[in-house]
Amino acid sequence: PFVRRVVTPLGRRAFAAIAALTPSNHLDRVHAKLVQAGLASSLRAEEFVTAQVLATAFGLVAAIAWSVLGNPAERLGILAVVLLPTIGALAPSAWLNRKVTERKAAILRDLPDVLDLMAISVEAGVGFEGAMEVVCRNFDSPLAEELSRTLKEMELGLSRREALQNLKRRTEVPELSNFVLALTQADALGMPVGR
């Protein structure tokens, strides 16, 4: 098919060129936001930046085409040439910021119930990892996904402290960060986790 023979190779070349021109610290910031939005597994930072560039270019082409073919007033034409590419550049970032905010709100909303279930499980004699598994089985939410990922990291050999620090970094929800801090302190001091 035409898409496979022509469009895909051109897309890869454009993708590589845009990624090479983008500063690595900007890509790191975009990647961190994608992780916080829960989109890092389906969208790479380079792809997001490429989409931003393409949206900006599309806005510019559309504004120029309208200015040339539509014969608007001069002020409107100049306004379109300035505004449409700006909207094309900012719209993907606004979408990503909204996704991050929604995910953080969902995590914060589920946190009290998750903590209650974990406390009940630990006080009933289940270990900390077992309590996290109980939460993952009974909740279908971003927080349960993050706890499941934390469990997988521990199964792969990371210490509890490192896995919890990764959880804190991935979510950046202050209340969850306080919970992680309390857990790591309890772990270090040998205090009961249920308390």
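Cut-off values and rules
Residues numbered from 1 in each chain as written. Predicted model: local features only at pLDDT ≥ 70, side-chain atom pairs only at ≥ 80, totals over all residues. Heavy atoms only, no water. Helix = DSSP H or I, 4+ residues; strand = E, 2+ residues; numbered from the N terminus. Rg over C-alpha atoms; globule rule 2.2 N^0.38 Å. Buried < 20%, exposed > 50% of the residue type's maximum accessible area, 1.4 Å probe, protein only. Contact = heavy atoms within 4.5 Å. Axes fitted to C-alpha atoms, helices over the stretch in contact; angles between N-to-C directions. Parallel < 35°, antiparallel > 145°, perpendicular 65-115°, else oblique. Salt bridge = Lys/Arg side-chain N within 4 Å of Asp/Glu carboxyl O. pLDDT = per-residue confidence, 0-100. Expected span 1.5 Å × (residues − 1). Arc of directions from axis to C-beta. Core = buried A, V, L, I, M, F, W, Y, C linked by side-chain atoms within 4.5 Å.

### Some points on the overall build of the protein chain
Phase 1: Within the protein chain, the regular secondary structure consists of eight helices and zero strands.
Phase 2: Helices and strands appear in the protein chain in the N-to-C order α-α-α-α-α-α-α-α.
Phase 3: For 195 residues, the compact-globule estimate of 2.2 N^0.38 gives 16 Å, and the protein chain exceeds it by more than 25% at 23 Å.
Phase 4: Seen through its principal axes, the protein chain has C-alpha atoms that stretch 75 × 40 × 30 Å.
Phase 5: Residue burial in the protein chain is summarised as follows: out of 195 residues, 32% are buried.
Phase 6: Pairs at least 24 apart in sequence give 53% of the contacts found in the protein chain among residues at least 6 apart.

### Looking at the packing of helix α7 (residues 160–171) against helix α8 (residues 174–189)
Phase 1: Packing of α7 against α8 brings their axes to within 9 Å, and their N-to-C directions diverge by 170°. Between α7 and α8, the interaxial angle falls into the category roughly antiparallel. Contacts between α7 and α8 pair Arg160, Arg161, Leu164, Gln165, Leu167, Lys168 and Thr171 from the former with Leu176, Ser177, Val180, Leu183, Thr184 and Asp187 from the latter.

### Observations regarding the pattern of salt bridges
Phase 1: This model, assessed by the stated rule, comprises seven salt bridges.
Phase 2: For the salt bridge of Arg170 with Glu153, the shortest nitrogen-to-oxygen distance reads 3.1 Å. You can see Arg170 sitting in helix α7 and its partner Glu153 sitting in helix α6 (residues 142–155), a full 17 residues away along the chain.
Phase 3: Accessibility expressed as a relative area gives 6% for Arg170, which makes it buried.
Phase 4: Salt bridges sharing common partners tie together Arg103, Glu145, Glu146, Glu153 and Arg170.

### Some words on the confidence of the model for the protein chain
Phase 1: When pLDDT is averaged across the protein chain, the result is 89; 96% of the residues are at 70 or more.
Phase 2: Per-residue pLDDT, averaged within each element of the protein chain, yields its smallest value for helix α1 (residues 2–21) (73) and its largest for α6 (94).

### Brief notes about the side chain of Glu153
Phase 1: Looking at Glu153, the relative accessible area reads 15%, which means it is buried.
Phase 2: Contact partners of Glu153, with chain neighbours within four places excluded, come to Leu158, Ala163, Asn166 and Arg170.

### Observations regarding the packing of helix α2 (residues 24–37) against helix α3 (residues 45–69)
Phase 1: At a minimum axis separation of 9 Å, α2 and α3 run at an interaxial angle of 105°. The angle between α2 and α3 places the two elements in the roughly perpendicular class. Between α2 and α3, the contacting residues are His26, Leu27, Val30, His31 and Leu34 on the first element and Ala45, Glu46, Phe48, Val49 and Gln52 on the second.

### Observations concerning α7
Phase 1: Compared with an ideal rise of 1.5 Å per residue, which puts 12 residues at 16 Å, α7 spans 17 Å between its outermost C-alpha atoms and is within 8% of the ideal.
Phase 2: Every buried residue belonging to α7 is among Ala163, Leu164, Asn166, Leu167, Arg170 and Thr171, and all of these are buried. One face of α7 carries all of its buried residues, which in axial projection span an arc of 155°. Away from its buried face, by an angle of more than 90 degrees, α7 presents the exposed residues Arg161 and Arg169.
Phase 3: Contacts from the buried residues of α7 go to α2, α4 (74–123), α6 and α8.
Phase 4: Looking one or two residues past α7, Glu172 carries a phi angle of roughly 55°, positive in sign.

### Details of the nonpolar core
Phase 1: In terms of nonpolar packing, the biggest core is built from 21 residues, with Val114, Met118, Met132, Leu143, Leu147, Leu167 and Leu176 touching the most fellow members.
Phase 2: For this core, the secondary structure elements donating two or more residues are α4, α5 (128–138), α6, α7 and α8.
Phase 3: A per-element tally of this core places α4 first, with five residues.
Phase 4: Leu27, Val30, Leu34 and Val49 belong to the second largest nonpolar core, which has 11 residues in total.

### Here's the deal with unusual backbone geometry
Phase 1: Located in the positive-phi region is Asn71, a residue other than glycine, with phi close to 50°.
Phase 2: Within the fold, Asn71 resides in the loop between α3 and α4.
Phase 3: A residue is classified by how much of its surface remains accessible, and Asn71, at 64% relative accessible area, is exposed.
Phase 4: The backbone of Glu172 shows a phi angle near 55°, a positive value even though the residue is not glycine.
Phase 5: Structurally, Glu172 can be placed in the loop between α7 and α8.

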